[in-house]
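# Tertiary structure, described
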Amino acid sequence: MMFKSHLSFGLLAYVLLFMNSIAIPFLGTLNRPGMVATVFFLIGLILPDIDSPHSHVSRKVPMVHSITNMFTRHRGLVHSIFTGILITIGIGFLLNLNKYDLAIAGWFFIGYLIHLSTDALTPHGVKPFAPFSPYTIRGPIRSGSNHEKIISLVVYSAALLLIARNFTTLL
Ligand SMILES: [Zn+2]
């Protein structure tokens, strides 16, 4: 999926989570994220594509791609739930050390999961259980296709509509 599509799905999820709270074991209730949580959510949303030579992150910082390329092919290990969990535990550990709210790590994990779910809509798909299982989830929407652009636009509009409808409660 394109960078913009990840952002549109991310925005919709963010708005929905902002209005409803969900509880994650160990990490607490994810509701009304602050600045730091929002930044970590965005990092989780973008981070998996550091293994793609064409991704936004790799184009900005080519070094990142060279490093991750030594370990994994695109949508390999970096698009795995296990990697997401490991990074989340790492972040949680650092947060705990600095007495920050653990829910921030939860927001990172949600961002990461949304990225994986969105990539699962493409024919390339994702292997969520790599490296333990080659099981791949695929979808019909080609990355960069007109279909993707339309879906992205619909998701983006839905998010904006929700923001507009709940404008007063969101403030
Ligand atoms: Zn990706």
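Now for a quick tour of the structure. (Residues numbered from 1 in each chain as written. Predicted model: local features only at pLDDT ≥ 70, side-chain atom pairs only at ≥ 80, totals over all residues.)

Counting its regular elements, the protein contains eight helices and two strands. Seen in sequence order, the protein has helices and strands lined up from the N terminus as α-β-β-α-α-α-α-α-α-α. Burial status across the protein gives 35% buried among its 171 residues. Here the contacts in the protein between residues at least 6 apart in sequence split such that 60% fall between residues at least 24 apart. (Helix = DSSP H or I, 4+ residues; strand = E, 2+ residues; numbered from the N terminus. Buried ≥ 20, exposed ≤ 12 C-beta atoms within 10 Å, placed from the backbone. Contact = placed C-beta atoms within 7 Å.)

With that settled, the discussion passes to helix α1 (residues 3-19). Counted at 1.5 Å a residue, the expected span for α1 with its 17 residues is 24 Å, and the 25 Å between its end C-alpha atoms agrees. Along α1, the residues classified as buried are S5, H6, L7, S8, F9, G10, L12, A13 and Y14. In this structure, the buried side of α1 is in contact with α2 (35-46), α6 (103-119) and α7 (146-165). (Expected span 1.5 Å × (residues − 1).)

One way to put it is that helix α5 (residues 81-97) packs onto α6 with a least axis distance of 8 Å and a crossing angle of 160 degrees. Classified by the angle between their axes, α5 and α6 sit roughly antiparallel to one another. Crossing angle aside, the handedness with which α5 passes α6 is right-handed. Along the contact surface, α5 presents G84, T88, I91, G92 and L95, while α6 presents I104, A105, F108, F109, Y112 and L113. (Axes fitted to C-alpha atoms, helices over the stretch in contact; angles between N-to-C directions. Parallel < 35°, antiparallel > 145°, perpendicular 65-115°, else oblique. Left-handed = near helix turned anticlockwise from the far one by under 90°.)

Next up on the list: the nonpolar core. Ranked by internal contacts, the top residues of the largest apolar core, which has 28 residues, are F40, F41, I104, W107, F108 and I110. At the level of elements, α1, α2 and α6 are the ones that each hand at least two residues to this core. If you tally residues by element for this core, the top one is α6, at ten residues. If near-sequence neighbours (up to four positions away) are discounted, I104 is found in contact with V36, A37, F40 and L95. (Core = buried A, V, L, I, M, F, W, Y, C linked by C-beta atoms within 7 Å.)

The next thing to look at is α2. An α-helix turns once every 3.6 residues. As a result, residues three or four positions apart point the same way. The terminal C-alpha atoms of α2, which comprises twelve residues, lie 17 Å apart, in line with the 16 Å expected from a rise of 1.5 Å per residue. Buried within α2 are the following residues: A37, F40, F41, G44 and L45. Seen end-on, α2 carries its buried residues on one side only, within an arc spanning 140 degrees. Against α1, α5 and α6 lie the buried residues of α2. (Arc of directions from axis to C-beta.)

Right, let's get into unusual backbone geometry. A negative phi angle is the norm for most residues apart from glycine, just as the trans form is the norm for most peptide bonds. A cis amide bond links A130 to the next residue, P131, at an omega of 0 degrees. Note on placement: P131 falls in the loop between α6 and α7. Despite not being glycine, K99 shows a phi value in the positive range, around 60 degrees. On the basis of neighbour counts, which here come to 6 C-beta atoms within 10 Å, the residue K99 falls in the exposed class.

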